[in-house]
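# A structural walkthrough
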Amino acid sequence: MIEVEGLRKVYGDRVAVDGISFRVEPGQVFGLLGPNGAGKTTTISCLSGLIRATSGAVRLNGIDVAADPKRAKANLGVVPQELAMYPEISARENLAFWGGVQGLDRGELSTKIPRMLERVGLADRAKEPVKNFSGGMKRRLNLAIGLIHDPKVVLMDEPTVGVDPQSRVHILDLIRDRAKAGTSIVYTTHYMDEAEGLCDPFLILDQGKVIANGGLEELLEQAGNVIERASIPQPSLERLFIHLTGKDLRE
Amino acid sequence: MRQTWLVLQKDLLRWRRDPVGLLLWAAIPLAVVLLMKAAFGGSGTPTAQLIWVDQDKTLITQALRTAFEQEQIAELIETTDADSTAAMETLGKGKASVVVIFPRGFADDYLNAKTPKITLIKNPAQNILPKIVEETFSILVDGASYLQYVFDEPLQTLRDLVALDAAPPDSSILSISRGISAPLEQAGAYLLPPVIGVEVLGEDEETSGASAGGESAEASSGKEIGFLELFFPGVLLMSMLFVAQILAIDFWVEDRNGTYARTVSGVDGDAGFVLGKTLAGVVILTAIFLTLLLIGRFALQIHLQNILPAVAYLGACSFGFVAAINYLVVLAKTQKGATVLSSMAVMPLVMLGGSFFPLEAMPAGLRAIGEKTPNGLVGEQLKLILFDRGATPTMVVTLVVALVLGSFFVFLARRQARSRFVGA
């Protein structure tokens, strides 16, 4: 479970995240949405303990990240937007290193690595240097690294950017499986159709502030009158998102 | 410690799988020295080949030639005699650096205060060696010209005596002696300063080592240090500095790929990341030192028993260098800035600290500075190890300073990396 209360992060005189609160129950895939610069990555960084929040509290499975980071992060998996892995070494060696970073011992690694490689469809390429992999294969490995230690809480920052449809389906299936197994997942993406099919509930951020929060039906219902007034045909998450955040281009 | 060990193993594995960049940088200094040696040719110190074509064959030309037989000049310039045809033929084949021709009547012109001419023909294919001869000659010719001005009168008397072709009277000899001694007495205080005594330290120990030590005594400090021996310690340190810089830039690669942030998100945060990378650098450099020293063993007859102490000493000292360069690299705001900043530290150290030009070949002022640079200090101690001169208190001091400063820079680099890469 993830609990965020009044999270605020300020850089100099710029407020990146302005007192947001939400809660992610076990088994939920929580869609954290927003245009570029909305504060999604800053929120993820605060949740993962990478940066310290200016104020507010983050608890992972009831453990405060600021007070006891080591214990809080033991059950945390992070899948960053970047392909955060080492291209010179193999998929197996990458998983061994990152599993070790998450505290797995040699015995645990020997059972979890083959299982995870099988699950992400890389078992037959396990010994090959990652630099030879396609973009989709690297994305799947990126996901596998975040899940190697079977975390109870997973933070995913645009994990399907630039992948082929097959790899995307594979990645989304794996995320659904994790959720069914009781993992709490925070998921950020710019693909609204993907979020609509995967996430529930949602939180839409803009300029560090929460502008909408709740399940899809709830959000569409709340915005129903607005949408009706704006004459938006066939209400969808994407239309709602554009309506709420505007059509202006963001940095 | 767990994260330190993991990061160390991971970096070693990465560099083992993709070693080309590192090996190139490690080998460049060695290649430069080998090319220099090939350019100079032969073994030992490079020497200029000078051919005398003495068509005058007098005491004056002999005196000028004798100057090139002085011990220190003779080490740099080898001389032979030939007639002009043979000399030009040898020069044409590129087997000589310079041909010097004393024409007939040279001594007469000199004694008559005319302007005698020496022809100096240089080998156009060589740059440095003919220049050495030319410079030596210009100093010599200046000296001879001053003698001509100062001792004009006695030289004139001497010319008259030579013309008489008979035993000179005592009065003439007295006149020449006075003519020479009077100006010398006046200028003596300026021209002939007190003799400088040279104190050779440690000679007794070396002598006793020679009598007792057999093989090791041959390589003791009394041994002439050849061209490669002169450059080799500097090559090791230049490789170290170049490789340490390449390793340090990897912090920016870790940032760009998101692997630094992902590690910090792990259970141990950034506890052992910087130390792990620093130690990986030390292990890689130690392997490079060992490889270069084993190559050196065959090329330079470095004794096997000196290789392990040298590797251990260099490996331990490299901790300080790697940590300091790591800190500089994370201090910069961009990867490009990191390259510039670290180069601004590495290149002056390479140039001044005896890694590119041996300290022995530097002017005294620069040498004094070079000896105080970190790599200059380590290089001097390394020579002592490699050439059987034993441990000194300075060696222990440099080791302790390297380890203490290294630990301090690891601490600073950890804080700076976190601030620079994740803004925490």
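Residues numbered from 1 in each chain as written. Chains lettered and ligands numbered in written order. Predicted model: local features only at pLDDT ≥ 70, side-chain atom pairs only at ≥ 80, totals over all residues.

## Points about the domain arrangement of chain B
This is how it is decided: For the domains described, the bounds stem from an automatic or database domain assignment.
Under the domain assignment used here, chain B contains domain 1 (2–40 + 226–422) and domain 2 (48–150). With centres defined by C-alpha atoms, the gap from domain 1 of chain B to domain 2 of chain B works out at 47 Å.

## Quick notes on the nonpolar core
In plain terms, the rule: Under the definition applied here, buried Ala, Val, Leu, Ile, Met, Phe, Trp, Tyr and Cys residues are grouped into a nonpolar core through C-beta atoms within 7 Å. Residue burial is a threshold on neighbouring C-beta atoms within 10 Å of the residue's own C-beta, all placed from the backbone, with 20 or more meaning buried, 12 or fewer meaning exposed, and counts in between meaning partly exposed. By the convention adopted here, residues make contact when the C-beta atoms placed from their backbones lie within 7 Å.
In this structure, L141 and V186 of chain A together with L241, V243 and A244 of chain B are the most contacted members of the largest nonpolar core, which totals 143 residues. The residues touching L141 of chain A, leaving out its near neighbours within four places in the chain, are M85, A91, N94, V120, L122, V130 and F133 of chain A. The next biggest cluster of nonpolar side chains, apart from the first, holds 14 residues, and it includes F68, L91, L129 and V133 of chain B.

## Quick word on helix α1 (residues 40–47) of chain A
The criterion, for reference: Helix and strand assignments follow DSSP, with helices taken as H or I runs no shorter than four residues and strands as E runs no shorter than two, numbered in order from the N terminus.
Within α1 of chain A, eight of the eight residues are buried, which leaves the element mostly enclosed by the surrounding structure. Along α1 of chain A, the positions that sit buried rather than exposed are K40, T41, T42, T43, I44, S45, C46 and L47 of chain A.

## Quick look at the pairing of strand β6 (residues 76–79) of chain A
All names here are of chain A. Selection criterion: Any two strands with at least two DSSP-identified bridges between them are counted as paired.
Neither face of β6 is exposed, since L76 and V78 on one face and G77 and V79 on the opposite face are all buried. The sheet contact formed by β6 and strand β7 (residues 153–157) spans four bridges and is parallel. Residue G77 lies in a different strand from β7, and its bridge partner there is V154.

## Considerations on the sheet that holds strand β10 (residues 209–214) of chain A
Residues and elements named next belong to chain A. Cut-off, in case you're wondering: A fitted line through C-alpha atoms serves as each axis, taken over the contacting stretch for helices, and the angle formed by two N-to-C directions is quoted from 0 to 180°.
As summarised here, the arrangement of the six strands in space is β6-β7-β8-β3-β9-β10, forming an open sheet in which the pairing is mixed. What marks the edges here is a single partner per strand, and that holds for β6 and β10. Strand-to-strand, the axes of this sheet are offset by a mean angle of 15 degrees, without reference to chain direction. Contacts between helix α5 (residues 135–147) and the sheet are confined to β6 and β7, with β6 contributing the most and set at about 165 degrees to the helix. The strands touched by helix α10 (residues 237–245) within the sheet are β3 (29–33), β9 (202–206) and β10, with β9 carrying the most contacts at an inclination of about 30 degrees.

## Considerations on the pairing of β10 of chain A
Residues and elements named next belong to chain A. When β9 meets β10, the two strands line up antiparallel, connected through five bridges. Bridging across to β10, D206 finds its partner in K209. The antiparallel pairing of β9 with β10 creates a hairpin that spans two residues between the two strands, and Q207 there sits at a positive phi of about 50 degrees.

## Regarding helix α4 (residues 106–119) of chain A
Residues and elements named next belong to chain A. To keep things clear, this is the line we draw: One fewer than the residue count of a helix, multiplied by 1.5 Å, yields its expected span. Two axes enter the definition of the bend at a residue: one is fitted to the seven residues ending there, the other to the seven starting there, and the bend is the angle between them.
With 14 residues, α4 ought to run about 20 Å at 1.5 Å a step, and its terminal C-alpha atoms sit 20 Å apart, in line with that. Approximately 25 degrees is the largest bend angle found in α4, and it occurs at K112, with the proline P114 only one to four residues beyond. Inspection of α4 places L109, I113, M116 and L117 among the buried residues, and these make up the whole buried set. Of the surrounding elements, those touching the buried residues of α4 are α3 (91–101) and α5. Immediately beyond the C-terminal end of α4, within one or two residues, lies G121, with a positive phi of roughly 70 degrees.

## Things to note about the sheet that holds strand β5 (residues 63–64) of chain A
Residue and element names in this part refer to chain A. Read across the sheet, four strands follow the order β2-β1-β4-β5 without closing on themselves; strand pairing throughout is antiparallel. The open sheet has two edge strands with one neighbour each: β2 (14–24) and β5. Looking at chain direction, strand β1 (residues 2–11) and strand β4 (residues 55–60) are connected through five bridges and run antiparallel. Each bridged residue has a counterpart across the sheet, and for E5 the counterpart in β4 is A57.

## Here's the deal with the interface of chain B and chain A
Many authors give the size of an interface as the accessible area that is lost as the parts come together. Contact residues are listed per partner, giving 21 residues for chain B and 25 residues for chain A. For the side of chain B that touches chain A, the secondary-structure elements that each account for two or more residues are α1 (2–17) and α13 (259–264) of chain B. Among the elements that make up the side of chain B that touches chain A, the one with the highest residue count is α1 of chain B (six residues).

## Comments concerning the environment of V101 of chain A
Of note, V101 of chain A is situated in helix α3. Measuring from C-alpha to C-alpha, the distance between V101 of chain A and A74 of chain A comes to 10.0 Å, with 27 residues separating the pair along the chain. Non-local contacts of V101 of chain A, meaning those with residues more than four positions away in its chain, are made with Q3, L6, T263 and G266 of chain B.

## Structural notes on the confidence of the model for chain A
Selection criterion: Each residue gets a pLDDT score, which is the predictor's confidence in that residue and runs from 0 to 100.
When pLDDT is averaged across chain A, the result is 88; 92% of the residues are at 70 or more. The least confident element of chain A is helix α9 (residues 224–229) of chain A, whose mean pLDDT is 59; the most confident is α3 of chain A, at 96.

## A closer look at the confidence of the model for chain B
Residue and element names in this part refer to chain B. This prediction gives chain B a mean pLDDT of 79; 78% of its residues lie at or above 70. Across residues 192–223, confidence stays below pLDDT 50; counting only partners more than four residues off in sequence or on other chains, it has 17 contacts. With pTM at 0.71, the complex prediction returns an ipTM value of 0.88.

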